[in-house]
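# Notes for the structure review
Letter by letter, the chains look like this.
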Amino acid sequence: MSVLDVKVVKDYIRMCSDTVGQGWHERNGGNLTYRMRPEEVEVCRPYFRAVPGEWVNMGVQAENLAGEYFISTGSGKFLRNVELEPQNNICIAELNGTGDSYRIVWGLEAGGVPTSEFPTHMMNHSVRKRVTNGENRIIYHAHPPYIIALTYVLPLKAEVFTRMLWKSATECCVVFPDGVGVVPWMVPGGTDIARATCEQMERYEAAIWAFHGLFVSGTSFDIAFGLMHTIEKAAQIASIALSASPDGKIRQVITDDNLRTIGKEFGVTLNEDVLNYRSDDPLFF
Ligand code: 13P
Ligand code: ZN
């Protein structure tokens, strides 16, 4: 028995492999954190390091995460290697009593630190834990190519991206009824981008980083994987449609009334600010 036999750790590793298979993780691109349930921490605790790592200040504070434990990918580690050597590519990190520092209690046995996006992950966990009444468990960052491509051609506005994605596949609005936020280009790996991203996560379940990638949240690995997959597939359809059109124009789309009908039939409340948004540019219906 070891940490690697615990179901949640196996599920975490499977998520790393599945997402690599989708082509979203070139090199060390992307990272994944999971907020552990207390009973999962207890099952893993006997295998924790005898001497935990030093406390490391994160530069951000997440008071509602004080004392919680997270599984995290290591900074600079390739997600494709997680399955082969989990103990050297992922870790379990504990937050301190004020929620501003972490220490490693398991993993990264050959050295290393949690993802450079740990401040963004923790700020996002803090917000999503609050707005979902503790249901949210996962924050996941990837570099999916079509959503990144769209950040070069669409106005960098949450309403524009959400409308484009909702109208690119019929069931998108059911999968992300709050919509997708957008963060303009910023230097990754720091506290400024962490704060900008968690502002978006107050209102949306996902946030695009212009010219970089996408952050999603989720209550389970399936939900987080499914959200990344759904958003990226919608972006792929939008990219193909825009580039297939001889004049770059979209001729017909799912209308706002269609979206309202889907919301009603599926019993989900769509973000009204997105539904009511009108762009000056007719291309961005
Ligand atoms: P890490 O290897 O530090 O997780 O960074 C990858 C990444 O995608 C940064 O945005
Ligand atoms: Zn990245």
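Small disclaimer: the values here were computed from a predicted structure and weren't measured.

### Points about the site of ligand 1
Around ligand 1 sit Asn28, Gly29, Gly30, Asn31, Ser75, Gly76, Thr115, Ser116, Glu117, His141, His143 and His212, and those are all the residues in its vicinity. Take Asn31: an N or O atom from its side chain is 2.8 Å from an oxygen atom of ligand 1. Residue composition of the shell around ligand 1, grouped by class: no nonpolar, eleven polar and one charged.

### Examining the sheet that holds strand S3 (residues 69-73)
Ordered in space as S2-S5-S4-S3-S1-S6-S9-S8-S7, the nine strands form an open sheet in which the pairing is mixed. Here the strands that pair on one side only, and so sit at the sheet edges, are strand S2 (56-57) and strand S7 (180-183). In the sheet, strand S1 (residues 31-35) pairs with strand S6 (residues 138-142) via four bridges, with the strands oriented antiparallel. In the strand pairing of S6, Thr33 is matched with Ile139. Each of S7 and strand S8 (206-209) touches helix H6 (residues 158-166); the most contacted strand, S7, lies at about 135° to it. Against the sheet, helix H9 (residues 221-244) touches S1, S6, S7, S8 and strand S9 (213-218), its axis set at about 145° to S9.

### Considering the packing of aromatic side chains
Scanning all chains against the criterion turns up seven aromatic pairs. Judged by centre distance (6.1 Å) and plane angle (90°), the rings of Tyr12 and Phe221 are edge-to-face. In this pair, Tyr12 sits in helix H1 (residues 7-21) while Phe221 sits in helix H9, placing the two residues 209 residues apart along the sequence. In this pair, the class of Tyr12 matches that of Phe221, namely buried.

Calculation criteria
- Residues numbered from 1 in each chain as written.
- Chains lettered and ligands numbered in written order.
- Predicted model: local features only at pLDDT ≥ 70, side-chain atom pairs only at ≥ 80, totals over all residues.
- Heavy atoms only, no water.
- Near = heavy atom within 4 Å.
- Polar contact = N/O pair within 3.5 Å; in protein donor to acceptor, adjacent residues only side chain to side chain.
- Nonpolar A, V, L, I, M, F, W, Y, C, P; charged D, E, K, R; others polar.
- Pairing = 2+ DSSP bridges.
- Helix = DSSP H or I, 4+ residues; strand = E, 2+ residues; numbered from the N terminus.
- Contact = heavy atoms within 4.5 Å.
- Axes fitted to C-alpha atoms, helices over the stretch in contact; angles between N-to-C directions.
- Phe/Tyr/Trp six-rings, centres within 6.5 Å; stacked < 30°, edge-to-face > 60°.
- Buried < 20%, exposed > 50% of the residue type's maximum accessible area, 1.4 Å probe, protein only.

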